[in-house]
Amino acid sequence: MSEIKTPKQGITRREFLVRSTVIAGSGFFSIGLPGLVASTHADAAIGGQAFTPSIWFTMTPDGKTTMHILKAELGQHIGTGLAQVIAEELEVKWEDVRLDTPLESVENFAIYGLAYTVNSGSITTEFDRIARAGAAGRIALVEAGAKVLGAKLSSCHAQNSRVIDKASGRSVTYGEILQKANIDRKFAYPDDFRKIPLKPREQYKIIGKSLPSLDIPAKTNGKAKYGIDVFLPNMAYGALVIPRTRYASKVLSIDDSEARKIPGFIKAVKIDNAMGKCTGWVVAVADRFPTAMKAAKALKVKWDAGPYANLGSSEMLAQYKELSKNESESAAWVLEGDVDQAFGNAEKVFEVEYTTDMVCHATMEPLNATVQYANGEWHVHVGTQSTSFARMTLTGYLATVLNKKPEDLKVFVHQYLVGGGFGGKQDYDDILAAAYCVKETGRPVKLIHTRESNFATSFARTPTYHKLKAGIKDGKLVAMNQDIICGWMGARFGVGKKGGSDWLQLDSWDAKKQDIDQWSIGGSDHWYDVKNHRVRAWNHEVTTWAVQASALRTVSNSYNIFAVESFMDEVAHAAGRDPLEFRLAMLNGKGGNRGIPNAGYPPGTKSDYYMDQLWISLPWTKEGSWIAYESATVGGALRLANCLRVASGKAGYGTRRLPPNTGIGIAVTSAEERQSPTWVACIAEVTVDPDTGRFSINRLTIAMDPGTVVNPKNVDAQIRGSALWGASQIMSERLTLKNGAFEQANYHQYVPIRLAQVPEIDVTIIASDHHPSGVGEPASTVVAPAVANAIFNAVGVRVRHMPISPEAVLEAMKKKA
Amino acid sequence: MPQLSLNGQSYFSDSPPDTPLLWVIREELQLTGTKYGCGMGLCGSCTVHMNGQPMRSCMVKLADVDENAVITTIEGLDPADSHPVQKAWIEKEVPQCGYCQSGQIMQAAALLAANPSPSREEIVQHMNGNLCRCATYSRIVDAVHRAAELMKEGSSHV
């Protein structure tokens, strides 16, 4: 993504318009930005997408309101959640709400901003601004409605898609207002917008309700359309020949003599590896997909296997251990107090190593992309986490391979439902390859990964190696050091060390100024009050490229919370204290753990949340950056302690006599980031079979405080799904590299959790009035350490590796005996 | 040309005989509710009914489909898309990303057709071959129980 510059914004954003206009005979009421002209972009193949001059919603005189949703539907029902927030303030009838998704184009990017669904940040970043947009619409409608009714403005209010005059008892519907009045209301930005009063939360009627999600019915009858379901006239199909290595192989020759014997085979396309993408890729193009698969197998490709030809998981781990010896290569992520001195003064000091294996997204919908070139326009049809980055990446790629200027290329991205994202649909190699096949064949091409080629080209979570050291004095953790060695994904995304900018620092902490890729280190910056605390990180850049290290649900929190929370139990036991009481004592909300309204950014920073700094969801000019909203850190570690108390109480921690070989383990998390915490505690009950080492998770008790809850049922679904994601990771998910290629090819070798392994799950949502934080990921991080701690409590052995295999448990038990 | 009886209609397929039925259904007949997940019968996303039995359509070659076989896909499960399983799936809000759910629903409908009151254990055993990466599993079990109730209510009105 770093290769392509964001198009410059030509529109100044100093006011919002709430306006009704007449286009093609029908009135529109829309809220959006000035100076924008409505247009339509016809797309013959798919039937076109409506385009309106509004960012957030468009209301028509029939009273129907269409919410324009920029976020991808990945299974979180985000459209419904965002629409609930707008509808609440707009006072619109929920039955009249519809959703649509804007087409991604240069023009629409300038209007809607960056379409990027990531980091559990959709509700967090959008909540305040869309609530205000809804309220601005309501204000304009009430003013117009008062005129239509001939009533005093002060006597009028809106409710349920009506403006009501209290004095006379008369009312008029929103639809009637649009038919009778012209609305042209300006709100100066940011001053007027900032002053719009939002509803007191006790008056919520739509936010906080488990309204049925609007995307669900079509997902029960086959009508839901995913990227893989696209058809274009005269379309050919592409299937990938599995490259020799995951990355940096070079195609030397292609022998298509066998493939040419297959009827329907069209061409073997060697994909241009411009921008370092699709390295070693050869795509078999055919008139049908099964033919393309067959041809891909029949093609004989020779590769130069490249620099990672001999690299494997064991080699990477050995290199991590070697790298960790060189302290000067490390970067400090947390520096509190004087750690070395505190170790010197401690009564007990111990150090342990933790490791984690790679995992991958393995979405049920394999990656795919359909691309068409017609009338000078490139059209991409795909379900992706970012239509914007997809467009920018393809534009940059095409500019290179076609030798054209980016501004001369017309690229459009049509968004579809996404059959699972988890961070795995924010790379665009498949789109580039499909586009290159279009160039080579002159036909629209649908490229579908087989499950095997999908695994072979996975964007993996890096393997990790951790050293954790504790200094204990008077039964307290007085010093803690964590060393983390892994491949930072930042380099691939143009951030972090050697990637460029000094982009993120710990909020108020006295962190040494270093370029660090937070996505690879976050989670180590826990909320415990440890006076002397240091985290050091090493980047193993070979890993970054060799396995195409990438973001996977909670990114680094998954491995760091596993290591930190397992280790906290070890420290508690070493200090002779109960792990629950030990944690609660350190979750005291003191110092940097108190939570800070403006989390340590320089004075004058407009918004607390770093996503607003980096990936601004709307294309505001710098001086018009979005106004600040409450930080999710408010309340700090005390909110985390509260979750832990609730979960422990509900699980009956310390009150029940457990069966033999059964243990209870606890863990807490504040994922996603230090600046955007969602507070979660988990209690796991696990039974271990002492003969085989196999363990089963009997029960998970989870308490989460995500602040304001927009749709409790959806939050519950996200918590359960992510908890089982975590369970799956600690039980069985494991991706390994050998000779530069991944060893797992399908679901018999890469094993996600199935129904029979699903434990009982007790979820408590602690809703508060605080600003909403993300719910799609955090619970996935606490299950692994809670299970590891439960195994220790069940059979007295500590496995310091994720996943935990029965063999590892058994071996540890034998050693102990 | 092989003839297929699918969702009450006759189709002729001109796909090669070794084509997995899944791809005939999805890409030739363009009934895209049936999903590709693994191609090895490991995930259940491609589940359809053949003569009422749940079947992984990625594992059956076109040539092996009996011309008298009655095939039903998610699109043909109910003329009004209101099979008790579909109703229960909506009521319990089972789907998240939704990609695997056609297969889940077809698998569950086949279970209930054979066993109108399955126990939890029977549901788990019958549904265990269907992967869901969003892990909607606990709601799947709830919804199968609910669909069983709806079927009983429905039959008592007849």
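Keep in mind it's a predicted model, so treat the numbers as computed, not measured.

**A look at the domain arrangement of chain A**
All names here are of chain A.
- When the domains of chain A are assigned, the result is domain 1 (15-213), domain 2 (227-307 + 367-448) and domain 3 (314-359 + 460-596 + 631-816).
- Counting residues at the interface gives eleven residues for domain 2, matched by eleven residues for domain 3.
- Across the side of domain 2 that touches domain 3, the residue classes break down as four nonpolar, four polar and three charged.

**Notes on the sheet that holds strand E28 (residues 695-707) of chain A**
All names here are of chain A.
- If you walk across this open sheet you meet the four strands as E24-E27-E28-E31, and the pairing is mixed. Two strands close off the open sheet at either side, each with one partner strand: strand E24 (662-669) and strand E31 (760-767). Direction aside, the axes of adjacent strands within the sheet are offset by 10 degrees on average.
- Direction of pairing for E24 relative to strand E27 (residues 679-688): antiparallel, over a ladder of eight bridges. Residue pairing across strands places Gly 663 opposite Val 686, the latter belonging to E27.
- Its contacts with the sheet put helix H19 (residues 712-731) on E28 and E31, and the angle it makes with E31 is roughly 130 degrees.

**Concerning the interface of chain A and chain B**
- If you look at the interface, chain A gives 43 residues, while chain B gives 44 residues.
- Among the elements of the structure, helix H6 (289-298) and H19 of chain A are those that each provide at least two residues to the side of chain A that touches chain B.
- No other element matches H19(A), which puts six residues into the side of chain A that touches chain B.
- Class assignment of the residues belonging to the side of chain A that touches chain B gives a composition of 23 nonpolar, twelve polar and eight charged.

**A word on the domain arrangement of chain B**
Residue and element names in this part refer to chain B.
- In terms of domains, chain B is made up of domain 1 (3-76) and domain 2 (84-157).
- The centre of domain 1, based on its C-alpha atoms, is set 21 Å off from the matching centre of domain 2.
- The partner domain 2 presents twelve residues to the 15 residues of domain 1 that form the contact.
- Only strand E3 (47-50) and strand E4 (53-56) provide two or more residues apiece to the side of domain 1 that touches domain 2.
- Among the elements that make up the side of domain 1 that touches domain 2, the one with the highest residue count is E3 (three residues).
- The residue makeup of the side of domain 1 that touches domain 2, split by class, is five nonpolar, nine polar and one charged.

**Thoughts on the packing of helix H1 (residues 78-90) of chain A against helix H3 (residues 122-149) of chain A**
All names here are of chain A.
- Remark: H1 packs on H3, axes separated minimally by 7 Å, with the N-to-C direction vectors making an angle of 35 degrees. Where H1 crosses over H3, the two elements pack in a sense that is right-handed. Packed against H1, whose contacting residues are Ile 78, Gly 81, Leu 82, Val 85, Ile 86, Ala 87, Glu 88, Glu 89 and Leu 90, the element H3 presents Ser 122, Ile 123, Glu 126, Phe 127, Ile 130, Ala 131, Ala 133, Gly 134, Ala 135, Gly 137 and Arg 138 at the interface.
- Across the contact of H1 with H3, the residue classes break down as twelve nonpolar, four polar and four charged.

**A look at the sheet that holds strand E8 (residues 171-173) of chain A**
Residues and elements named next belong to chain A.
- The antiparallel open sheet is built from three strands, whose spatial order is E6-E7-E8. Either end of the sheet is taken by a strand with one partner, and the two such strands are strand E6 (156-159) and E8. Within this sheet the neighbouring strands show an average axis-to-axis angle of 20 degrees, counted without direction.
- Relative to E8, strand E7 (residues 162-165) is paired through three bridges, and the arrangement is antiparallel. Paired with Ile 164 across the two strands is Ser 171, which belongs to E8.

**Regarding helix H9 (residues 387-401) of chain A**
Residue and element names in this part refer to chain A.
- The terminal C-alpha atoms of H9 lie 21 Å apart, and with 15 residues this matches the ideal 21 Å at 1.5 Å per residue to within 8%.
- The element H9 is extensively covered by neighbouring structure, given that 13 of its 15 residues are classed as buried.
- Where H9 terminates, the next one or two residues include Asn 403, which has phi positive at roughly 55 degrees.

**Here's the deal with the confidence of the model for chain A**
Residues and elements named next belong to chain A.
- On average, chain A scores 88 in pLDDT, and the residues at 70 or more come to 86%.
- No element of chain A has a lower mean pLDDT than helix H17 (residues 610-614), at 45, and none a higher one than strand E13 (residues 282-286), at 99.
- In this model, residues 1-14 is a region of pLDDT below 50 whose contacts with residues beyond four sequence positions or in other chains number 30 contacts.
- Across residues 33-53, confidence stays below pLDDT 50; counting only partners more than four residues off in sequence or on other chains, it has 41 contacts.

**Side note on helix H1 (residues 21-28) of chain B**
- Here H1(B) lies mainly inside the structure; seven of its eight residues are buried.
- Along H1(B), the residues that are buried comprise B:Leu21, B:Leu22, B:Trp23, B:Val24, B:Ile25, B:Arg26 and B:Glu27.
- Close packing links the buried residues of H1(B) with H6 of chain A together with E3 of chain B.
- Two residues or fewer after H1(B) comes B:Gln30, characterised by a positive phi angle close to 60 degrees.

**Some points on the confidence of the model for chain B**
- For chain B, the mean per-residue pLDDT works out to 96, and 97% of the residues sit at or above 70.
- Interface scoring of the predicted complex returns ipTM 0.98; its pTM is 0.93.

Calculation notes
Residues numbered from 1 in each chain as written. Chains lettered and ligands numbered in written order. Predicted model: local features only at pLDDT ≥ 70, side-chain atom pairs only at ≥ 80, totals over all residues. Domains from an automatic or database assignment. Contact = placed C-beta atoms within 7 Å. Nonpolar A, V, L, I, M, F, W, Y, C, P; charged D, E, K, R; others polar. Pairing = 2+ DSSP bridges. Helix = DSSP H or I, 4+ residues; strand = E, 2+ residues; numbered from the N terminus. Axes fitted to C-alpha atoms, helices over the stretch in contact; angles between N-to-C directions. Left-handed = near helix turned anticlockwise from the far one by under 90°. Expected span 1.5 Å × (residues − 1). Buried ≥ 20, exposed ≤ 12 C-beta atoms within 10 Å, placed from the backbone. pLDDT = per-residue confidence, 0-100.

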